[in-house]
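Topology and contacts: notes
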Amino acid sequence: MGEVVGIPRALLYYHYYPMWKVFFESLGGTVVTSGETTRAVLDAGIKVTVDEACLPIKVFHGHVLALAGKCDYVFVPRLVSVERRAFTCPKFMGLPDMIRCNCRDIPRIIDSCINLSRTTREYIHAVYSTGRMFTGSVLRILAAHNRAKAALARYTRYIESGMTPDEAMAVMGIAPPCDEPAHRAVAAASSLPGASEAVRGSGRVVVGLVGHPYVIYDPFVSMNVIRRLREMGASVVTADMLPAAITEREAARFPKRVFWTLGRRLLGAGFHFLRSGTVHGCLHMRAFTCGPESLIGEILERESARRRDVPFATITVDEHTGEAGVITRLEAFIDVVTRRRKP
Ligand code: SF4
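Treat the numbers as computed from the prediction; the structure is a model and nothing was measured.

**Brief notes about the domain arrangement of the chain**
Taken domain by domain, the chain comprises domain 1 (4–159) and domain 2 (201–340). Taken over C-alpha atoms, the centre of domain 1 sits 26 Å from the centre of domain 2. Taken together, the 27 residues of domain 1 in the interface contact 23 residues of domain 2. Both faces considered, domain 1 and domain 2 share a buried interface measuring about 2100 Å² in area, 62% of it formed by carbon and sulfur atoms. For the domain 1 face of the interface with domain 2, the top three residues by lost area are Tyr14, His15 and Leu55, together amounting to 26%. Our enumeration of links across domain 1 and domain 2 arrives at 2 salt bridges. Across the pair Glu83 and Arg264 runs a salt bridge, and its minimum N-O distance is 2.8 Å. Sorting the residues of the side of domain 1 that touches domain 2 by element identifies α1 (13–26), α2 (39–48), α3 (55–66) and α4 (90–93) as the ones contributing at least two each. Examining the composition of the side of domain 1 that touches domain 2, we find that 4 residues originate from one element, α3, more than from any other. By residue class, the composition of the side of domain 1 that touches domain 2 is 15 nonpolar, 4 polar and 8 charged.

Quick look at the structure:
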């Protein structure tokens, strides 16, 4: 068994886990992930972070601490930019520093710096220097990178077919252990022909769900929002399930270019849901104290108030959010959406 790399099951794990896993394994490493988010994981994160930190950052700290003693390295990349002329949230940029400062007795951190905002030079350097930790062969690093990119492309296709990250990973055979039986059931369904119908469901109503991936896809953080909506008879479409061309085109309606990659995607998805007539309701689930989302949420609320044809609701989550309150709000939202649904 090669070096063991731990990947925290939080933040951009939901976008990039297949790519990271294939990269490290192609270099001879073994990948482990932290378990699912639980109250204990969150509490561990809360203990070492400042009160003002957003919920996903606290959860991430908890996942890093959960990997202590289970791996040789923990992968905490410094994600500055993942595309030209756009940036991630500043908290992603300082993540390795936050983790070093706040978490004691954890494995060595791999803090590859990904910055694609201007050129690919830094990215190539990051891939190479990370690969060099496992092998001296440039060709092997290049092959691992190509395999990783292919895995990401396949994963993205599954997500765009209507699967959640857990479901897509299950179909690809790379899902970490999961405590949520419903995920397994849907994942099994999604391997059947016509998968996208199976996983999107054929609900009475279609709900466009806007929210950061590490909020809406994390069963604990989101209080199982996707599963609950499906159980209430709704089909769910998220921003990640929309082709990038749609979210980019819709986000461009806003007079000023949103320079946060995820924020722009959420804004584009929200505009699409509110304007296209493809969903019956639009739900925004946001993390308390999230700067980018307070802006995106405000823009979407104004757009919804102006148009008035698609019911829009916001649910804010933080470490004190109670499950009962979320369920009540979801039930009320689905009730309104179902009644307003045009025949
Ligand atoms: S975008 Fe918001 S929720 Fe995400 S890490 Fe930044 S502040 Fe936290």
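**Overview of the side chain of His145**
The topology assignment puts His145 in helix α7 (residues 138–160). What makes His145 buried here is its relative accessible area of 14%. Within the structure, His145 has its side chain in polar contact with the side chain of Tyr123 (distance 2.8 Å). When neighbours within four sequence positions are excluded, His145 is seen to be in contact with Phe23, Tyr123 and Val127.

The rules behind the values
- Residues numbered from 1 in each chain as written.
- Predicted model: local features only at pLDDT ≥ 70, side-chain atom pairs only at ≥ 80, totals over all residues.
- Heavy atoms only, no water.
- Domains from an automatic or database assignment.
- Contact = heavy atoms within 4.5 Å.
- Buried area = accessible area lost by both parts, 1.4 Å probe.
- Salt bridge = Lys/Arg side-chain N within 4 Å of Asp/Glu carboxyl O.
- Helix = DSSP H or I, 4+ residues; strand = E, 2+ residues; numbered from the N terminus.
- Nonpolar A, V, L, I, M, F, W, Y, C, P; charged D, E, K, R; others polar.
- Buried < 20%, exposed > 50% of the residue type's maximum accessible area, 1.4 Å probe, protein only.
- Polar contact = N/O pair within 3.5 Å; in protein donor to acceptor, adjacent residues only side chain to side chain.

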